Structure formats: C-alpha cells, structure tokens
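Secondary and tertiary structure notes
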Amino acid sequence: MKTPALPHLVLLLLLLFISGCGGADPVTPISTPTVKPTSTPVSQANADVRFVQAVEEDDGSWTFHVRVAHPDTGWEDYADGWDVVLPDGTVLLPDPDSPFTRLLVHPHENEQPFTRSQSGIEIPEGIDTVTVRAHDLVDGFGGQEVVVHLDQAAGLNFEVERQNVEETSTTYLGLTNQNEDGNRYVLGQIDLQNAAPLDIYLAGEPDWVVGVPAEQGVVWVVALADGRLQGFLVVDGDYSAVNLSFDALPAGMPPAISYDGEDLQLLNALSPDSSPLTHPVLTPAGEVATIDEAGEMMIGSDSLSSDALPDARILQADGALLFFSGPTNKYDHGVLGDKLEASTITLVDTDGQLKTISVENAVIEGIAPIWADLDGDGEREILVTVSSQANGAQLVVYDQDGKLLAQGDAIGTGYRWRHQIAAAPFGPNGELEIVDVLTPHLGGIVEFFRWEDDQLVKTAEVPGYTSHEIYTRNLDMAFAADVDADGKVELLLPNQQRTTLAVIDRTADGAQAAFEIPLDGTLVTNLGTVSLPLGELAVAAGVQHGVLRVWMP
C-alpha cells in the first residue's frame with residue numbers, strides 16, 4: 001500500500017499502562033536496548049555514543065564518523081577515545097600504538113555533543129555487526145553504545161554506506177507501546193523544556209497515536225475515537241496531511257503501522273481476523289502475528305491454540321513471541337477495560353513451540369509484560385504485575401522457564417493496582433532500576449526499584465502522578481528516555497489531572513519532578529515516540545478536543 005510522496009526513511013522507531021482506583025484497580029504493558037543493572041552500583045561512566053556513520057572506502061577499509069556526548073569539564077575529566085569492537089571483543093586499531101580506535105587528545109567542554117572521524121579501519125570479511133563505545137578519562141567505558149549492522153543501510157542511531165553492495169531495506173514499526181519487548185525505555189533525546197510544541201487540529205477526538213521516522217521528519221498516524229485514521233508528515237516545525245491508503249479501524253482498536261521507506265502499511269488491515277482489542281505485530285520473517293477474537297494466535301496463515309487474553313499485546317524479541325493467556329474473571333477488579341485478567345504467560349519459541357508459565361493463587365493484572373534483561377546476564381527476564389484479593393498488586397520477575405526470581409512487596413490490600421512502566425538506567429550512577437506507578441487512580445506514586453538478591457527493593461518514590469485513565473486499555477501514557485537532553489534517563493508521565501507532562505528525575509537523594517510541560521488540555525491518548533537519526537527523539541500526545549501536540553528535536 002503506497003502513501004503519496006512519503007520520503008525515503010532513515011531511522012527507526014521500535015517500539016505501559018497504569019492504574020489504581022477507588023474500589024477496584026489494573027496493570028501493564030513491548031525491543032529496547034539491553035541495560036545492565038545489579039544490586040551493586042555500576043560504573044559512573046557517561047561517555048555516550050549518540051550516532052555512527054560507517055562508510056566503506058574503495059579499498060575495502062572503513063571510515064567511522066562517531067558522535068559522542070560527555071559532560072567534559074576540562075583536562076581533569078573528558079571523553080578521551082572511542083572504539084570499534086568486533087563481536088568477539090577485538091578492538092580495531094588502525095594505529096597499533098593507540099589505546100583506542102580513535103584517540104581524542106583534548107577536552108570538548110564547549111562542543112557537546114561532538115563528532116570525530118577515523119579512517120583506515122579494517123573489518124574482517126564475514127563480520128556484519130560491530131559495536132561502537134566511548135571512553136572517559138575518569139570512569140572508563142560504560143556509557144551508551146551503538147550496535148552497527150553493516151549489512152543495513154540504517155538502523156537505530158547508525159547509517160551505513162557500502163561499495164557495490166545491494167542495500168537491504170529496513171522496516172520500521174509504529175506501535176502504541178513504544179517497544180516490541182514491552183519495555184518503555186526509548187533511545188534518543190529531546191530537550192522538552194525548550195522544544196516548541198506543534199499543534200495539529202484533528203477531525204475528531206484522538207484515541208491513539210503512532211509514528212515512524214522519515215528522511216525529512218516523522219509520519220504520525222492518529223486513530224480517532226470513532227476509528228477514523230488521519231496521517232501527518234511533520235518536518236522542520238510544520239506539517240502536511242498524508243493521504244493514507246487505509247481509512248478506519250474498529251473504534252478503540254490500537255493501530256500498528258510499518259514503513260520500509262516506500263510503503264506505509266497498517267498491520268491491522270493485513271490481518272482482518274484480529275481481535276479489535278489489540279494490534280498485530282510484524283515478525284522478523286515478515287509475517288503478521290496477531291490474536292483473533294477467539295484467543296487463538298495467528299502467525300501468517302498458521303493458527304496456534306493459545307487461549308490468549310483477548311486484549312493481550314504480543315511482545316517480540318530474539319525471534320520469539322510472548323503474551324498473556326489463560327483469561328479468568330476470578331479477580332474482578334475491572335479497571336483495565338474489562339474484568340478478565342491473565343492466569344498464564346505464553347512464550348512461542350523460534351521453533352513455534354509453546355511454553356506456558358502459570359501464576360498460582362493470583363492473576364496477572366495487565367495486558368503485556370516487560371521482557372528485558374533485568375540483571376545483566378545476557379538473558380531476558382519477564383516482569384509482570386501479579387494481583388490477588390488478599391494482597392493486591394506486586395511486581396514479580398520470572399525467568400523464561402517460569403522460575404520465580406524476584407518480587408517486590410505487595411500493596412497489602414485487594415483491588416489496588418500498580419502499573420509497571422520501564423526498566424532503564426535510572427539510578428544516580430546509572431544503575432538499572434524498574435519504575436512503576438502505585439495506585440495511579442488514587443494519588444499515584446511513582447516508585448523506583450532495584451533488584452537485590454530475590455527482592456525488588458524500593459529506592460525512591462514521588463507522589464502525585466498517573467499513567468492510566470481508569471477503565472481504558474491505554475497503558476501507554478508514560479515512558480523512559482532522556483527528555484531533557486542532559487545525558488541521563490528520566491520518566492515522562494502525566495500529572496493526576498493529565499493536564500501536564502512531568503519529567504521525573506532520579507537523584508542521589510531520591511526522585512523529584514524536574515519540570516512539567518503544559519498540555520493546554522487533557523491527555524487522552526498514549527504518548528507516541530519516534531527515535532530519529534543523530535540520537536534524537538520525537539514525542540506526540542493527543543489532547544482533548546481534537547488536538548495532536550508534537551515536539552520535535
């Protein structure tokens with residue numbers, strides 16, 4: 001399906017829900033970057049690689065142009081080099097006497113971020129992936145790295161130019177839940193406090209918003225409350241309407257879009273048997289995976305007997321799929337759109353085999369887990385919110401075989417919910433922490449947790465915020481990213497009235513609201529995000545009375 005005059009696409013958008021109410025209450029959330037926390041503080045290193053351009057030269061060698069950000073203070077603390085690293089850990093050194101692939105010989109305190117280049121880099125034949133990392137004089141390696149796929153023209157925070165090689169196209173997804181693995185930790189940065197918002201007036205009340213990057217900007221697609229769809233191309237502070245080849249969805253159905261630089265597709269339209277309570281995803285093999293109205297998992301034309309939750313979001317990582325299943329009404333809290341919750345988690349492995357994880361004497365309150373490496377061991381864990389009438393909601397971590405690894409304290413009262421949002425390096429020294437919102441309908445307390453032994457230990461909290469409109473399936477009103485361009489990760493979510501977006505900063509003393517962004521209305525959609533070239537981020541929000549508000553970097 002073609003869209004008229006959509007520019008060639010350069011980068012990627014890869015893809016929570018929140019609650020807590022008066023008499024009853026609900027829970028949670030899709031691939032994100034791997035972050036490595038532990039129970040002990042990790043390195044304070046903060047030399048980040050923001051963007052990489054890799055250029056193959058005529059002689060087969062490579063030139064890398066690397067954009068680095070670090071709070072250089074002078075000769076006592078500055079980013080002093082960056083490396084190109086092979087999958088086996090070998091550092092490529094054009095100058096064998098240099099400590100780095102590219103030595104940085106002086107501070108750049110007045111030029112941040114900055115780009116420096118290195119030519120003559122020899123990459124062995126058969127290597128199609130390298131990692132670029134930066135080093136700082138005081139704390140060494142440990143900041144944001146960029147994985148460069150040399151067989152792709154572009155990807156997350158990188159571009160590649162090759163000689164006499166047919167470029168493979170990359171397909172980018174626009175999902176309401178930000179990432180395909182359920183973790184709402186988004187790459188890229190934006191200075192929201194100083195970004196001028198752009199208001200787009202819609203043909204009706206917005207319900208959902210998704211976006212994908214395009215060469216000159218971002219294409220946003222808005223689903224209105226009555227199911228109609230509108231598209232807009234936003235470039236350089238202005239916008240133009242996009243004539244979509246798809247017109248509408250069932251009212252309330254979340255859209256999912258894909259874009260390969262030429263065709264903008266609505267994945268929902270490719271799978272007409274999908275449940276109207278969820279959206280399909282696109283598998284690495286290019287097939288559409290979805291849940292039908294009977295709870296069956298459909299992958300292309302194949303059906304898997306899965307007993308999926310009707311509104312379950314399908315997560316995808318490493319070629320496998322994960323979703324909530326075993327619907328039950330034994331815990332009728334009902335704050336997430338209906339009184340059905342999951343009793344099991346189903347994993348579909350790369351061979352198409354199903355594995356089921358059961359939860360005893362409780363339900364899983366939410367529509368998707370967070371499926372991320374939570375302890376830095378290279379394997380993904382499954383984070384869910386488990387609820388019961390006796391204990392209310394608590395965060396629980398399982399491994400992919402169903403073994404219980406860690407859990408937080410339960411609320412202690414039934415029909416009270418907590419909404420898991422993201423796992424990201426929130427800690428003051430970059431430690432990985434989990435963030436949720438406790439009882440988002442009853443005063444809403446943002447909570448940060450760190451995994452220590454078999455416990456999720458609370459490290460900080462700040463009250464007065466929400467992440468969910470009660471009785472809706474919109475669990476995507478919050479995400480984690482660098483939203484003030486300071487090189488650290490913050491949480492962005494609405495205040496209790498949903499009239500402002502607050503930036504919650506994790507500090508050495510706890511957590512605090514750094515600042516709030518006015519919406520000039522009430523937030524009624526998810527928060528849309530698009531990761532852009534050069535490590536930038538675009539954000540969108542649907543506001544009551546027919547407005548799409550967009551912030552571009």
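In this numbering scheme, every chain counts its residues from 1 along its sequence in written order. This being a predicted model, a pLDDT of at least 70 is required before a residue's local features are given, and a value of 80 or more before pairs of side-chain atoms are given or counted; all residues contribute to the totals for chains, interfaces and linings. Calculated side-chain values reflect all of the structure's heavy atoms, with hydrogen atoms and water omitted.

Labels follow the DSSP assignment, with helices taken as runs of H or I lasting at least four residues and strands as runs of E lasting at least two, numbered in each case from the N terminus. Counting its regular elements, the chain contains 1 helix and 42 strands. Each radius of gyration is computed over the set of C-alpha atoms, and the globule rule expresses the reference value as 2.2 Å times the number of residues to the power 0.38. Radius of gyration (C-alpha) of the chain: 22 Å, near the 24 Å computed for a compact globule of 553 residues. Its C-alpha atoms give the chain principal-axis dimensions of about 65 × 50 × 50 Å. Accessible surface is estimated by sampling points in the Shrake-Rupley manner with a 1.4 Å probe; for residues, cover comes only from the protein chains shown. Per element, the accessible surface of the chain, about 20200 Å² overall, is 45% carbon and sulfur. This count recognises Lys and Arg as positive and Asp and Glu as negative, with His and chain-terminal groups excluded. Charged side chains are reduced to one point each, which is NZ for Lys, CZ for Arg, CG for Asp and CD for Glu. Of the charged side chains in the chain, 25 are positive and 84 negative, and the gap between their average positions amounts to 6 Å.

With that settled, consider the confidence of the model for the chain. When the pLDDT values of the chain are averaged, the result is 89; 91% of them are 70 or greater. Confidence of the prediction at every residue is given by pLDDT, a number between 0 and 100. Residue contacts are defined here by distance: any two heavy atoms, one from each residue, within 4.5 Å place the two residues in contact. Contacts of residues 1-43 to residues separated by more than four positions or lying in other chains number 255 contacts, the stretch itself having pLDDT below 50.

Mapped onto the elements of the fold, Asn495 is located in the loop between strand S37 (490-494) and strand S38 (500-507). When sequence neighbours within four positions are dropped, the list of residues in contact with Asn495 reads Gly464, Tyr465, Thr466, Thr500 and Glu516.

Bringing the side chain of Arg380 into the picture now. For Arg380, the position within the fold is in the loop between strand S28 (370-372) and strand S29 (381-388). On the accessibility criterion, Arg380 (12% relative accessible area) is buried. Of note is the side chain of Arg380, whose polar atom sits 3.0 Å from the side chain of Asp181. Here a polar contact means two N or O atoms within 3.5 Å. Within protein one must be a hydrogen donor candidate and the other an acceptor candidate, and residues neighboring in sequence count only if both atoms are side-chain atoms. Among the polar contacts made by the side chain of Arg380, one reaches the side chain of Asp318 at a distance of 3.1 Å. Buried residues are those whose accessible area, probed at 1.4 Å on protein chains only, stays under 20% of the maximum for their type, while exposed residues exceed 50% and partly exposed ones sit between those limits.

Bringing the sheet that holds strand S21 (residues 297-299) into the picture now. Any two strands are treated as partners once DSSP identifies two or more bridges connecting them. An order of S19-S20-S21-S22 is seen for the 4 strands of this open sheet, with the pairing classed as antiparallel. Edge positions in the open sheet fall to strand S19 (281-282) and strand S22 (302-304), since each of these has one partner strand only. Where S19 and strand S20 (residues 288-291) come together, 2 bridges link them in antiparallel fashion. Across the sheet, residue Leu282 finds its bridge partner in S20, namely Val288.

In this section: the sheet that holds strand S13 (residues 206-214). Two orientations exist for strands paired in a sheet by backbone hydrogen bonds: parallel and antiparallel. The strand order across the open sheet formed by 4 strands is S13-S14-S15-S16, and the pairing between neighbours is antiparallel. If you trace the sheet from one side to the other, it starts and ends with S13 and strand S16 (238-242), each paired once. Taken pair by pair, the neighbouring strands of this sheet meet at an average axis angle of 25°, ignoring direction. The axes used here are C-alpha line fits, helices contributing only the stretch in contact, and every angle between their N-to-C directions lies in the interval 0 to 180 degrees.

Let's shift gears to the pairing of strand S11 (residues 185-189). Within S11, 5 of the 5 residues are buried, which leaves the element mostly enclosed by the surrounding structure. By the bridge criterion, 2 bridges tie S11 to strand S36 (residues 479-482) in an arrangement that is parallel. Bridge pairing in S36 places Tyr185 opposite Ala480.

Each reported salt bridge corresponds to a side-chain nitrogen of Lys or Arg within 4 Å of a carboxyl oxygen of Asp or Glu. Throughout the structure, instances matching the rule amount to 20 salt bridges. For the salt bridge of Arg133 with Asp83, the shortest nitrogen-to-oxygen distance reads 3.2 Å. One end of the pair, Arg133, is in strand S6 (residues 129-136); the other, Asp83, is in strand S3 (residues 79-85), and 50 residues separate them in sequence. Relative accessible area serves as the criterion here: at 22%, Arg133 is assigned to the partly exposed category. Asp83 gets classed as buried once you look at its relative accessible area, which sits at 2%. With a closest N to O distance of 2.7 Å, Asp338 and Arg473 form a salt bridge. Of this pair, Asp338 sits in the loop between strand S24 (320-328) and strand S25 (341-348) while Arg473 is found in the loop between strand S35 (455-463) and S36, placing the two residues 135 residues apart along the sequence. Side by side, Asp338 and Arg473 carry an identical accessibility label, which is buried. Ionic contacts of the salt-bridge type, sharing partners, join the residues Arg418, Asp436, Glu447, Lys458 and Glu461 into one network.

This brings us to unusual backbone geometry. The phi angle of most residues is negative, glycine excepted, and most peptide bonds adopt the trans form. Put simply, Gln112 and Pro113 share a cis peptide bond, and its omega is -15°. Along the chain, Pro113 falls in the loop between strand S4 (102-103) and strand S5 (114-121). Not every positive phi belongs to a glycine, and Tyr471 is a case in point at roughly 70°. Despite not being glycine, His545 has its phi angle at roughly 75°, a positive value. Structurally, His545 is set in the loop between strand S41 (536-543) and strand S42 (547-551).

This part takes up the nonpolar core. We define the nonpolar core as a collection of buried residues of types Ala, Val, Leu, Ile, Met, Phe, Trp, Tyr and Cys that are connected through side-chain atoms lying within 4.5 Å of one another. Counting 32 residues, the largest nonpolar core has Met297, Phe324, Ile345, Trp371, Val384 and Tyr398 as the members making the most contacts within it. Beyond its immediate chain neighbours, meaning those up to four positions away, Ile345 contacts Leu322, Phe323, Phe324, Ser325, Lys355, Thr356, Ile357, Ile364, Ile382, Val384 and Tyr398. Core analysis: the next-biggest nonpolar cluster, separate from the first, contains 25 residues, Phe64, Val84, Leu104 and Val130 among them.

With that settled, consider the packing of aromatic side chains. Stacked, edge-to-face and tilted labels apply to pairs of Phe, Tyr and Trp rings (six-membered ring for Trp) whose centres lie within 6.5 Å, assigned for plane angles under 30 degrees, over 60, and everything in between, in that order. Under the definition given, this model contains 6 aromatic pairs. Look at Trp62 and Phe64: their rings are 6.4 Å apart centre to centre, the planes differ by 55°, and that puts the pair in the tilted class. Classification of Trp62 by relative accessible area gives buried; the value is 3%. Ring geometry for Tyr331 against Tyr415: centres 5.0 Å apart, planes inclined by 5°, an arrangement best described as stacked. Placement of the pair is Tyr331 in the loop between S24 and S25 and Tyr415 in the loop between strand S31 (404-407) and strand S32 (418-424), with a sequence separation of 84 residues. Taking relative accessible area as the criterion, Tyr331 reaches 2% and is therefore assigned buried.

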